[in-house]
Amino acid sequence: MDKNCIAFVAGTRPEIIKLYPVIKSIDKIGLCYYFIWSGQHYDYNLSKIFFEQFQLHDPHYNLGVGSGTHAEQTAKIMIELEKVLQTLKPALVVAQGDTNTVLAAALTSAKLSIPFAHIEAGARSWNMKMPEEINRRVADAIASIHYASTYLAAINLLFEGIPKRRIHITGSTAVDVVYEFLTKVEKIEEDILAKYGAEPQSYALVTIHRAENTDNPQRLAAIIKALENLARHMPVIFPIHPRTKNTVVKAGLQHNLRDIKLLEPLGYFEFLTLMKNAKVVLTDSGGVQVEAFTLKIPTVTLRYNTEWPETTMYNINVLSGAETERIVRLALRQAERREEVAKLQFRNPLGDGDAGKRIAHHLAEVAESGLTEEEPDLRDTPIIEYRLVTTYPQLDVIDELASFDDDGLPTFKNTSKKIVKIKRKLN
Ligand code: UD1
Ligand code: UDP
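Now for a description of the structure that goes with this document. Remember, it's a predicted structure, so these values are computed and weren't measured experimentally. Throughout, residues of each chain are indexed from 1 in the direction in which the sequence is written. Chain letters and ligand numbers both follow the written order, the letters beginning at A and the numbers at 1. In keeping with the model being predicted, local features are shown solely for residues with a pLDDT of at least 70 and side-chain atom pairs are shown and tallied solely at 80 or more, while totals for entire chains, interfaces and linings include all residues. Remark: hydrogens and water are excluded; side-chain values derive from all non-hydrogen atoms of the structure.

Here the focus is the site of ligand 1. Here a residue counts as near a molecule or strand whenever at least one of its heavy atoms sits within 4 Å of it. Inspection of the region around ligand 1 gives 20 residues, with His41, Asn100, Glu132, His209 and Arg243 positioned closest. Here, Shrake-Rupley sampling with a 1.4 Å probe gives the accessible areas, and only protein chains in the shown set may cover a residue. Calculation on ligand 1 without its partners gives an accessible area of 750 Å², and the protein chains cover 87% of this total. Within the residue set of the shell around ligand 1, elements represented by two or more residues are α3 (70–88) and α10 (242–250). Counting from the N terminus, the helices are DSSP H or I runs at least four residues long and the strands are E runs at least two residues long. Residue contributions to the shell around ligand 1 peak at three residues, all from α10. Note that Gly is not counted as nonpolar here; it falls among the polar residues with everything else outside the nonpolar set of Ala, Val, Leu, Ile, Met, Phe, Trp, Tyr, Cys and Pro and the charged set of Asp, Glu, Lys and Arg. Class assignment of the residues belonging to the shell around ligand 1 gives a composition of four nonpolar, 11 polar and five charged.

Rendered as structure tokens:
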């Protein structure tokens, strides 16, 4: 195996879409890579359709893990991925986002001492009830390279103690994909709109798949009620994720969707076209918030938090949570703002369309120079950053670089006396 090869690990719809610009640039550079697909998503329209649309070749490995509980799915991916990585021995492992596939990739590579590079590092919703928040926090904690999409994401990482040298601000690769395909879809958009019976700027486009919305029957019912109400004001188009379809049927709510135009999950070009021409977008998706913002389409996020606060700061996205009245009120208000939002002028804080290139070039440099996870010898090189905090008698935070002396005790660079004092107080 070529020791300079890198391994991409992915397993769901958004991961293929957002890795595409990186892989395309890696192809141009000519760096050797493997693409490992976990099989977390397996339906044609959640996986293969994107390989076809982006003309990506089939993954070199498909772990075929399928659906399951979080532990089952994560564990299965780890078990299968470990075997593959032990054979390939890549220079580093790269994954994007916050799915169980990403968690498994981070844990497996870290345990094999293969450096892990995390794309979209530092995105935070501050909601530990979200499976994705757990996944990305763990992935960031053990990653060797953090590609942060935005300045705010980089600040989150610094705040969590990730050393600055590991953080690279790149922009979001989701922005790259939108910019790349905007002109392409212009050529086909008339046909696509006709196919779905959609009049430009007249309809609401909806996606829902978050566990917090689909796994809670009251919450799901409240959102669906809002869609029913909204459909009295404008057509509502809803390409439904299989997870949501299953829970809607289980909760007996399918009849409440009779005035909604329900579609199977769409390919990227079809979905981008529908987003670009929507009057308003309602979503709980991370990627869709970024894309609608980039297209300057007013958005209502069906959540109480977002990993993309810039979208709200620039007055394009509002958070409705999952209350019926609030969703309808905000959707109608946002729809009224369609033209105003389209005219907003600003430099996209989420990216400039070159994130994939930046990441690919950095990955190539790292693969070439051979980053390794070595056991640090802390006698000579003080590389641990300690943050000691005490609240007694007053709040005191000390950032220090420590090494260890001949007796194996920590010596701090600047303020060893202060540390001793604090230690005594804490005792
Ligand atoms: C997963 C990710 C989520 C991401 C989303 C992208 C986790 C914890 N969640 O959520 O972060 O935003 O993908 O869409 O990793 N199913 C099918 N066909 C498939 C795949 C799934 O029918 O091809 C159904 C199964 O009933 C499955 C359910 O959807 O149990 C959930 O799938 P899963 O991959 O566990 O989570 P997602 O909701 O897709
Ligand atoms: N998307 C798509 N077809 C659809 C719905 C979404 O191609 O029917 C794309 C969308 O453009 C975005 C990505 O899927 O790039 C978002 O995926 P998802 O909402 O499943 O996951 P998240 O971004 O929330 O992790």
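Let us keep going from here.
This paragraph deals with the sheet that holds strand β8 (residues 204–207). One bridge is not enough; two strands pair if DSSP finds at least two bridges between them. The six strands lie next to each other as β10-β9-β8-β11-β12-β13, forming an open sheet whose pairing is parallel. Only two strands of the sheet have a single partner each, and these edge strands are β10 (261–263) and β13 (317–319). Here the average twist between neighbouring strands, direction ignored, is 20°. Pairing geometry for strand β12 (residues 299–301) and β13, over three bridges, is parallel. Bridged to Thr301 within β13 is Leu319. Residue contacts follow a heavy-atom distance rule, with two residues in contact if any of their heavy atoms lie within 4.5 Å. The axes are straight lines fitted to the C-alpha atoms, using for helices just the contacting stretch, and the angles between their N-to-C directions are given from 0 to 180°. Packing against the sheet, helix α12 (residues 286–294) makes contact with β8, β11 (280–283), β12 and β13, and its axis sits at approximately 165° to β11.

Moving on: the site of ligand 2. Taken together, 16 residues form the shell around ligand 2, and within it Arg210, Leu266, Ser285, Gly287 and Glu291 come nearest. In the environment of ligand 2, an oxygen atom lies 2.6 Å from a nitrogen or oxygen atom belonging to the side chain of Arg210. A distance of 2.8 Å separates an oxygen atom of ligand 2 from a polar backbone atom of Gly287. Its free accessible area being 540 Å², ligand 2 has 96% of it covered by the protein chains. The set of elements that each furnish at least two residues to the shell around ligand 2 consists of α1 (13–29), α11 (268–276) and α12. Residues belonging to the shell around ligand 2 are distributed by class as follows: eight nonpolar, five polar and three charged. In protein, a polar contact requires one atom able to donate a hydrogen and another able to accept it; more generally it is a pair of N or O atoms within 3.5 Å, and residues adjacent in sequence count only if both atoms are side-chain atoms.

With that settled, the discussion passes to the side chain of Lys18. On the secondary structure map, Lys18 appears in helix α1. A polar contact is formed between the side chain of Lys18 and the side chain of Glu120, at a distance of 3.0 Å. Here Lys18 is in contact with Gln96, Glu120, Thr173, Ala174 and Gly287, once residues within four sequence places are set aside.

With that settled, the discussion passes to the environment of Ala121. With respect to the element layout, Ala121 can be found in strand β5 (residues 116–121). Taking the C-alpha atoms as reference points, Ala121 and Ala141, separated by 20 residues in sequence, lie 9.8 Å from one another. Residues contacting Ala121, with those up to four places away along its chain left out, are Asp140, His146, Tyr147, Ala148, Ser149, Ala153 and Leu157.

What follows concerns the side chain of Thr306. Residue position: Thr306 is located in the loop between β12 and α13 (309–313). For each residue, the accessible area found with a 1.4 Å probe, counting protein chains only, is set against the maximum for its type, and the residue is called buried under 20%, exposed over 50%, and partly exposed in between. By relative accessible area, which is 11% here, Thr306 ends up buried. Within polar-contact distance, the side chain of Thr306 engages the backbone nitrogen of Trp308 at 2.9 Å. Contacts of Thr306, omitting those with residues within four sequence positions, involve Arg124, Ser125, Gln289, Thr312 and Leu319.

Here we take up the pairing of β8. Within a regular strand, side chains alternate between the sheet's two faces. Of the two faces of β8, the one holding Ala204 and Val206 and the one holding Leu205 and Thr207 are both buried throughout. Where β8 lies against β11, four bridges are found, and the strand directions are parallel. When the bridges of β11 are listed, Leu205 appears paired with Val281.

This part is about the packing of aromatic side chains. Here a pair means two rings of Phe, Tyr or Trp (six-membered ring of Trp) with centres within 6.5 Å. Their orientation is stacked below 30 degrees between planes, edge-to-face above 60, and tilted elsewhere. Here the structure, examined in full by the defined rule, presents 14 aromatic pairs. Centre to centre, the rings of Phe54 and Phe181 are 5.4 Å apart; their planes meet at 25°, and the pair counts as stacked. Placement of the pair is Phe54 in the loop between α2 (48–53) and β3 (61–62) and Phe181 in helix α7 (residues 173–195), with a sequence separation of 127 residues. Residue classification places Phe181 among the buried residues on the basis of a relative accessible area of 7%. These aromatic residues form a ring-pair network of at least three members: Tyr20, Phe54, Phe181, Tyr268 and Phe269. Over the face of the ring belonging to Phe346 we find Lys296, whose NZ or CZ atom lies 5.2 Å from the ring centre. Two thresholds decide whether a charge sits over a ring: the Lys NZ or Arg CZ must be within 6 Å of the ring centre and within 35 degrees of the ring normal.

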